[in-house]
Amino acid sequence: MTAQPVVIITGASSGVGLWTAKALADRGWLVIMACRDLAKAKAAAADVGIPETARRILHIDLGSQASVRAFAQEFHGLGLPLDALLLNAAVYLPRATEPVRSPEGYEISVATNYFGHFLLAHLLIDDLKAASGRHGGPARLITLGTVTANSEEFGGKVPIPAPADLGDLAGLAAGFQAPIGMIDGKPFKPGKAYKDSKLACMIMNREFHKRWGSTGVVFNTLYPGCVADTPLFRHTPPAFQKIFPWFQKNITKGYVSQPLAGERTAQVIADPAFAAQSGVHWSWGNRQKEGREAFAQKLSVRGTNDARNERLWDLTVKAVGLGKR
Ligand code: NAP
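Basis of the calculations
- Throughout this document, residue positions are counted from 1 along each chain, in the order its sequence is written.
- Whole-chain, interface and lining totals are the exception, using all residues; otherwise, since this is a predicted model, local features are given only for residues with pLDDT of at least 70 and side-chain atom pairs are given and counted only at 80 or more.
- Calculated side-chain values reflect all of the structure's heavy atoms, with hydrogen atoms and water omitted.
- Whenever a carboxyl oxygen of Asp or Glu lies within 4 Å of a side-chain nitrogen of Lys or Arg, that contact is scored as a salt bridge.
- Helix numbers and strand numbers start at the N terminus; a helix is a DSSP run of H or I with at least 4 residues, a strand a run of E with at least 2.
- Exposed residues in this analysis have more than 50% of their type's maximum accessible area, buried residues have under 20%, and partly exposed residues fall in between, with area computed by a 1.4 Å probe over protein chains only.
- By nonpolar core we mean a set of buried residues, namely Ala, Val, Leu, Ile, Met, Phe, Trp, Tyr and Cys, connected to one another through side-chain atoms within 4.5 Å.
- The contact criterion used is simple: two residues touch if any of their non-hydrogen atoms lie within 4.5 Å.

A.B. asks: Explain the pattern of salt bridges residue by residue, including any values.
C.D. replies: Following the criterion strictly, the structure yields 11 salt bridges and no others. With a shortest N-O distance of 2.9 Å, Arg-211 and Glu-207 are connected by a salt bridge. With Arg-211 and Glu-207 both in helix H6 (residues 190-212) and 4 residues apart, the pair spans about one turn of that helix. Residue class for Arg-211 comes out partly exposed when judged on its relative accessible area of 27%. A residue is classified by how much of its surface remains accessible, and Glu-207, at 1% relative accessible area, is buried. The partner of Lys-210 in a salt bridge is Glu-310, with the nearest N and O atoms 2.8 Å apart.

Written out as structure tokens, the structure reads:
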């Protein structure tokens, strides 16, 4: 068993995940890059200077539950400990005119960003519990949240196409299969489907903390800032891809570079200062200021209704084929 700290990062082939992998490799961690395109991940790791000895690349397609289960099995076959799991991968399809379906028949952004991570976290939670304390601190399950999923913040109130809102979970309760494309069962809005998936991830974190926060594992989410030039926005109109980074740099001042976003995420995973609290959503604010410290950002009522959150958990357990948790 390696003495090195080990982290799994989903979606480490670009953007925040790639730069977090780089920052942790530079700190001496062994990084398991969990990616759907192995050749792309290998080239990306070389581009940013992650040495081969500091990383392994394993296949996962988070939109497919069979693939998530195969990944967990492959990881377990390596016999490695797991000190941290970063749930980072995401797909954003704002121009989809109807739901794209996962192999299980679910709308793809919820299936990938939320269901796939929910399943993966359950398949690896015992590894995190077992590794906790190995390096004198807790193991950590960290998830990328976002400002647009939190209506407590200005960015979360933007009505284009609509703020994140899981409603009464009617779509999920009805099985979330075609023609249903939204968790709330209402007409399909692709941009909102993405925001809803991120809100569901932030709720998932609160529920993990509630259920397993006493097991020595720390459960947190974070918003690293607006990383407006990552490939996440590749499916937006070309004009948006030009204007959005400029707007975030010059008008809102919310822009954060990919290396800085990776560094912030690495801090939440590795630094002792971020291990003292669990169940927290870390943020550096929406207007970037040099030297600003991270703080625990309050979540809106859309993410803190305990009864609805528990129901979301139970319905998701069913959707991903897990036994009662
Ligand atoms: P990105 O560069 O597009 O990275 C997304 C990663 O997810 C890529 O590696 C992508 O792989 C992977 N991925 C997508 N679908 C997948 C699937 N089915 N299976 C496995 N991997 C898959 O975007 P990013 O901006 O860095 O986003 C990373 C995280 O940060 C997301 O959770 C996002 O919600 C969050 N976030 C981003 C911002 C921002 O401003 N960019 C702000 C707040 C939060 P491929 O390379 O194969 O496509």
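A.B. asks: Account for the nonpolar core, naming residues and giving values.
C.D. replies: Membership of the largest hydrophobic core comes to 57 residues, with the highest contact counts inside it found for Ile-8, Phe-71, Phe-75, Leu-85, Tyr-114, Phe-115 and Leu-124. Looking at this core element by element, the count peaks at 11 residues for helix H4 (residues 108-131). Not counting chain neighbours up to four residues away, the residues in contact with Phe-115 comprise Tyr-106, Val-110, Leu-172, Phe-176, Thr-316, Ala-319 and Val-320. Grouped together as the second largest cluster of nonpolar side chains are 35 residues, Val-16, Ala-23, Ala-41 and Trp-282 included.

A.B. asks: Account for the environment of Pro-138, naming residues and giving values.
C.D. replies: As for its placement among the helices and strands, Pro-138 is situated in the loop between H4 and strand E5 (139-144). On the basis of relative accessibility, which here comes to 26%, the residue Pro-138 falls in the partly exposed class. Note: C-alpha distance between Pro-138 and Val-217 (79 residues apart in sequence) is 5.4 Å. If sequence neighbours within four positions are ignored, Pro-138 has contacts with Ser-132, Gly-133, Gly-216, Val-218 and Ala-275.

Geometry only, nothing functional implied.
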